[in-house]
Amino acid sequence: MATKHEQILQHILSLQVGSKISVRQIAKDLNVSDGTAYRAIKEAENQGIVSTIERVGTIRIERKKKDNFEELTFAEIVNIIDGQVLGGRDGLHKTLSKFVIGAMQLNAMMRYTQADSLLIVGNRLEAHKLALEAGAAVLITGGFDTDDAVKRLANEKQLPIISTSYDTFTVAAMINRAIYDQLIKKEIVFVGDISTPFESSYYLTTKQQVKDWYINNEVSSHTRFPVVDDRMKVVGMVSSRDIVGKDQSTFIDRIMSRRPLVVQEKTSLASVAHMMVWEGIELVPVVDGAHELKGVVSRQDVLKAMQQIQRQPQVGETIEDIVANNMSQSPGEDGMFEAHVIPQMTNHLGTLSHGVFTALITEACEKMMKIEKKAEISIENITVYFSKPVPIDSTLHVKPTLLDVGRLYAKIDVEVIHGQTTVGRSLIMAQLINR
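Residues numbered from 1 in each chain as written. Predicted model: local features only at pLDDT ≥ 70, side-chain atom pairs only at ≥ 80, totals over all residues. Heavy atoms only, no water.

Visitor: In this structure, what is going on with the overall build of the protein? I would like to understand it.
Guide: Counting its regular elements, the protein contains 16 helices and 24 strands. Structurally, the protein occupies a C-alpha span of about 80 × 70 × 35 Å along its principal axes. Counting the 435 residues in the protein, one finds 44% classified as buried. Taking all contacts inside the protein whose residues are at least 6 apart in sequence as the whole, residues at least 24 apart take part in 54%. Accessible surface computed for the protein: about 22,800 Å², of which carbon and sulfur atoms make up 49%. (Helix = DSSP H or I, 4+ residues; strand = E, 2+ residues; numbered from the N terminus. Buried < 20%, exposed > 50% of the residue type's maximum accessible area, 1.4 Å probe, protein only. Contact = heavy atoms within 4.5 Å. Areas by Shrake-Rupley, 256 points an atom, 1.4 Å probe, with all protein chains shown as cover.)

Visitor: I tried to follow the packing of aromatic side chains on my own but got confused; where do I start?
Guide: Within a pair of aromatic rings, the relevant descriptors are the distance that separates the centres and the angle that separates the planes. What the rule picks out here adds up to three aromatic pairs. The interplanar angle of 25° and the centroid separation of 5.4 Å between the aromatic rings of phenylalanine 198 and tyrosine 203 together place this pair among those described as stacked. Phenylalanine 198 sits in the partly exposed class, given a relative accessible area of 26%. A residue is classified by how much of its surface remains accessible, and tyrosine 203, at 26% relative accessible area, is partly exposed. Plain terms: the ring middles of tryptophan 213 and tyrosine 214 are 5.1 Å apart, the flat faces sit at 85° to each other, and that makes the pair edge-to-face. For tryptophan 213, a relative accessible area of 4% corresponds to the buried category. One aromatic cluster is present, built from ring pairs that chain together Trp213, Tyr214 and Phe225. Over the ring of phenylalanine 190 we find lysine 266; its NZ or CZ atom is 4.8 Å from the centre of that ring. (Phe/Tyr/Trp six-rings, centres within 6.5 Å; stacked < 30°, edge-to-face > 60°. Lys NZ or Arg CZ within 6 Å of the ring centre and 35° of its normal.)

Visitor: I would appreciate a short explanation of the sheet that holds strand β18 (residues 293–298) in the present structure.
Guide: Through backbone hydrogen bonds, the strands of a sheet pair up, either in parallel or in antiparallel fashion. Overall, mixed pairing links the four strands, which are arranged β11-β18-β17-β16 in an open sheet. The open sheet is flanked by β11 (196–197) and β16 (263–264), the only strands paired with a single partner. Two strands pair when backbone bridges link them, and β16 and strand β17 (residues 283–287) are joined in this way by two bridges, in the parallel orientation. Residue pairing across strands places valine 263 opposite valine 286, the latter belonging to β17. (Pairing = 2+ DSSP bridges.)

Visitor: Sorry, what's going on with a nonpolar patch on the surface here?
Guide: A grouping of Tyr202, Ile215 and Val219 is seen on the molecular surface, where their side chains present a nonpolar patch of about 270 Å² in accessible area. Within the secondary structure, tyrosine 202 is located in the loop between β11 and β12 (204–205). (Patch = residues over 30% accessible without salt bridge, like charges linked within 9 Å, V, L, I, M, F, W, Y side chains within 5 Å. Salt bridge = Lys/Arg side-chain N within 4 Å of Asp/Glu carboxyl O.)

Visitor: Looking at this structure, how should I read the sheet that holds strand β13 (residues 224–228)?
Guide: Strand order in this open sheet of four strands is β12-β13-β14-β15, and the pairing throughout is mixed. Each edge of the open sheet carries a strand with a single partner, namely β12 and β15 (257–258). Pairing between β13 and strand β14 (residues 234–239): five bridges, direction antiparallel. Counted as the bridge partner of proline 226 is methionine 237 from β14.

Visitor: What am I meant to see in the packing of helix α6 (residues 125–133) against helix α7 (residues 148–157) here?
Guide: Working note: a packed helix pair is described by the angle between its axes plus the distance between those axes. Contact pair α6 / α7: the axes reach a minimum separation of 10 Å and the direction vectors enclose 15°. Relative to α7, the element α6 lies roughly parallel. When the axes of α6 and α7 are compared, the crossing they make is left-handed. When α6 is examined against α7, the residues Leu125, His128, Lys129, Leu132 and Glu133 are found in contact with a partner set consisting of Val150, Leu153, Ala154 and Lys157. Considered class by class, the residues forming the contact of α6 with α7 number five nonpolar, one polar and three charged. (Axes fitted to C-alpha atoms, helices over the stretch in contact; angles between N-to-C directions. Parallel < 35°, antiparallel > 145°, perpendicular 65-115°, else oblique. Left-handed = near helix turned anticlockwise from the far one by under 90°. Nonpolar A, V, L, I, M, F, W, Y, C, P; charged D, E, K, R; others polar.)

Visitor: Help me understand the side chain of asparagine 216, please; the structure alone is not making it clear to me.
Guide: Take asparagine 216: it is sitting in helix α10 (residues 210–220). Among the residues examined, asparagine 216 registers a relative accessible area of 12% and is labelled buried. Those residues in contact with asparagine 216 that lie beyond four places of it in its chain are Tyr202, Tyr203, Leu204, Ser221 and Phe225.

Visitor: It is not clear to me how the nonpolar core should be interpreted in this structure. Could you clarify?
Guide: A general trend in soluble globular proteins is that nonpolar side chains are found buried together. Core analysis: the biggest nonpolar cluster contains 31 residues, and Met345, Leu352, Leu360 and Leu396 have the highest contact counts within it. Elements supplying a minimum of two residues to this core: α15 (319–325), β20 (337–340), α16 (354–373), β22 (395–405), β23 (409–418) and β24 (421–432). For this core, the leading source of residues is α16, giving nine residues. When near neighbours in sequence (up to four residues on either side) are disregarded, leucine 396 contacts Phe337, Glu338, Ala339, Val341, Leu352, Leu360, Val390, Val416, Ile417, His418 and Val423. Formed by 22 residues, the second largest nonpolar core is a distinct cluster that contains Ile53, Leu72, Ile81 and Ala178. (Core = buried A, V, L, I, M, F, W, Y, C linked by side-chain atoms within 4.5 Å.)

Visitor: Help me understand the confidence of the model for the protein, please; the structure alone is not making it clear to me.
Guide: The predicted coordinates of low-pLDDT regions are not to be read in fine detail. On average, residues of the protein score 86 in pLDDT, and 92% of them reach the 70 mark or higher. Of all the helices and strands in the protein, helix α14 (residues 299–311) carries the lowest mean pLDDT, 72, while strand β10 (residues 161–163) carries the highest, 95. (pLDDT = per-residue confidence, 0-100.)

Visitor: How should the pairing of β20 be read in this particular structure?
Guide: Working note: regular strand, side chains alternate between the two faces of the sheet. Where burial is concerned, the two faces of β20 differ: the one with Phe337 and Ala339 is buried and the one with Glu338 and His340 is not. As paired strands, strand β19 (residues 327–329) and β20 are joined by three bridges and run antiparallel to one another. In the sheet register, methionine 327 faces β20, and the bridge partner there is alanine 339. As paired strands, β20 and β22 are joined by four bridges and run antiparallel to one another. Counted as the bridge partner of phenylalanine 337 is valine 398 from β22.

Visitor: Is there a simple way to explain the pattern of salt bridges in this structure?
Guide: When their charged atoms lie close together, side chains carrying opposite charge are able to pair. Applying the stated criterion across every chain, the model contains six salt bridges. Where glutamate 133 meets lysine 129, a salt bridge forms, and the shortest distance between an N and an O atom there is 3.6 Å. Here lysine 129 and glutamate 133 lie together in helix α6, a separation of four residues that amounts to about one turn. Take lysine 129: its relative accessible area is 37%, and that puts it in the partly exposed class. Across the pair aspartate 145 and lysine 151 runs a salt bridge, and its minimum N-O distance is 3.3 Å.

Put into structure tokens, the structure is as follows:
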């Protein structure tokens, strides 16, 4: 049976996109406390199915798919630019396809203003009206208002008309930044993106026997299976080690490992990779908030995804992307890598930031292990035991030296050199993922 928290989330998902949601109404409709309703609404906000706007309230919005992350809802725009909704509240859940800056003659402006777009303009009442009639929402910059006739038209067409105190340039920059941030999030791979869905997963129930493990093993070639109870909740795992020497008629719940490690669909690829290496396991069940089985993720799934990520062109650049793009092998020097300190890598003093320094060391170790050992690594521990300030526009040479390597672990010493001077030393412990 679903918990009250899950029931509220299911109720919110069942609501029509654009519906207003309140803590008091949810608590009354589902007979739960205000606190329980509030926590569930916050979780729905984290999942991207509702948006809360100051002075407007909380509304149901459409959850984004990975292929349209560059689109924003009008509700999100309001939050990004600290806007005030003057009219058309019922259209806040809608998604805009593009925004147009209205810094031109009226007839030229209207050629670019299409349905589902957002016109960013100052206090030009005629432009507000014509944009709404063309099916576009309006964002008024400079803190200006509009007249009542325009507000009524916005309500009638369910197209938001929003006011912000920011100027046009700042607003455009803020919206662009929000889209850029979302593109970076889009590139983060989660377990739900790579896992085998429930319909294609192999599992066992507590009432099945050892002979059923052999049947699953023959069909799937896996040696490790989740065990579920009669409510499809994961209660254990059974592997080849558990069934060795056991009678074929032995029930699974007698031999399974209890309280197994599980992940959820929103667990990151990096996190599940670390878990699999650290625990030495080949397959992990994927569960929902109620611990019900939703699928499985295997070591092969994780490795394949990691290899695909490395081949993907980056759309939104993170600091790690900038570091990777600025690092290459030093010409004529085996095992040495070269990096140029560009402005984005510096702190307020104009010297290499500590975080980027660590990223440089990590990137060099990862490159070295791929070249020398054909292995992916997951950094377990970094000890920086010496560092000096490095000025902007410097060219650094990073030399990782493999001190020790085993089946699961590697120990690496890293020296960072500027000119003829050592500016950093570090010791790294790393787990080998797919050696």
